[in-house]
Amino acid sequence: MVVISLTPGPDMAFFLGRAVTRGRAAGLAALFGAISGILVHTTLVALGLSALIVAAPTAFLALKTAGALYLAWLAVQAVRHGSALALPEQPPAPASLAGTWASGLAINLLNPKIVLFFMTFLPQFVRAGDPHAAAQLVVLGLLFIAVALAITVPMVFAAERVTGALRRRPRIGRALDWLFASVFAAFAAQLLLGRSR
């Protein structure tokens with residue numbers, strides 16, 4: 001979860017960009033908007049996938065297999081195309097903190113990669129046929145959010161230094177890409193080579 005939280009994406013670009021161009025309050029508003037989107041995805045996954053896990057273990061296995069292939073694809077994309085962190089050079093037009101929060105929420109709610117990620121990542125830690133799957137998925141989602149906050153809140157406070165380092169040293173971003181690719185390739189291999197839980 002730590003590596004996933006460190007991996008640059010549109011939400012990270014948004015909250016770091018807001019922190020650099022509008023200050024920490026805007027950066028935190030954008031971050032909590034993105035986290036709110038993750039909470040919505042966690043809830044939807046817990047409600048929808050928990051029913052699938054209990055009712056149709058074979059369908060759940062198919063979902064996990066599709067998830068493994070998706071994670072492998074993400075690993076390849078990270079190496080081929082590099083980091084998704086593109087920070088704004090110019091300050092964006094003014095917006096309220098509520099508007100900034102809503103934009104952060106929309107970035108994660110409308111990002112199909114986030115939807116697919118949560119549908120494929122969280123279920124890896126739940127057994128097929130588990131009647132308590134919904135509660136487990138919620139706990140896993142909340143754990144993911146806690147880890148993400150522990151990493152990203154300090155990033156907002158150090159946004160100018162973090163973005164400066166990423167701009168001055170592209171190798172840091174490239175190293176994150178390879179780390180991201182390795183983690184997801186390992187998850188994909190475990191899913192494809194392991195047996196159903």
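Structural notes, computed from the coordinates.

### Some points on the overall build of the chain
Counting secondary structure elements, the chain contains nine helices and zero strands. Each helix (α) and strand (β) of the chain, taken in turn from the N terminus, gives the series α-α-α-α-α-α-α-α-α. Scored against the burial criterion, the 197 residues of the chain give a buried share of 44%. Long-range pairs, those at least 24 residues apart, make up 85% of the contacts in the chain with a sequence separation of at least 6. If you sum the accessible surface of the chain, you get close to 9800 Å²; carbon and sulfur atoms cover 70% of it.

### Remarks on the nonpolar core
Core analysis: the largest hydrophobic core is formed by 38 residues, its most contacted members being F15, L16, F118 and L122. Of the residues forming this core, the biggest block, 10 residues, is contributed by helix α7 (residues 133-157). Apart from residues no more than four positions distant in its own chain, F118 is found in contact with I38, H41, T42, V45, P123 and F144.

### Re α7
Quick reminder: α-helices carry 3.6 residues per turn. Residues three or four places apart thus point the same way. The terminal C-alpha atoms of α7, which comprises 25 residues, lie 36 Å apart, in line with the 36 Å expected from a rise of 1.5 Å per residue. For α7, the principal kink sits at L149 and spans about 30 degrees. Residues A133, L137, L140, G141, F144, I145, V147, A148, I151, T152, M155 and V156 constitute the buried set of α7.

About the thresholds
Residues numbered from 1 in each chain as written. Predicted model: local features only at pLDDT ≥ 70, side-chain atom pairs only at ≥ 80, totals over all residues. Heavy atoms only, no water. Helix = DSSP H or I, 4+ residues; strand = E, 2+ residues; numbered from the N terminus. Buried < 20%, exposed > 50% of the residue type's maximum accessible area, 1.4 Å probe, protein only. Contact = heavy atoms within 4.5 Å. Areas by Shrake-Rupley, 256 points an atom, 1.4 Å probe, with all protein chains shown as cover. Core = buried A, V, L, I, M, F, W, Y, C linked by side-chain atoms within 4.5 Å. Expected span 1.5 Å × (residues − 1). Bend = angle between axes of the 7 residues up to and from the residue.

This is a description of form; function is not addressed.
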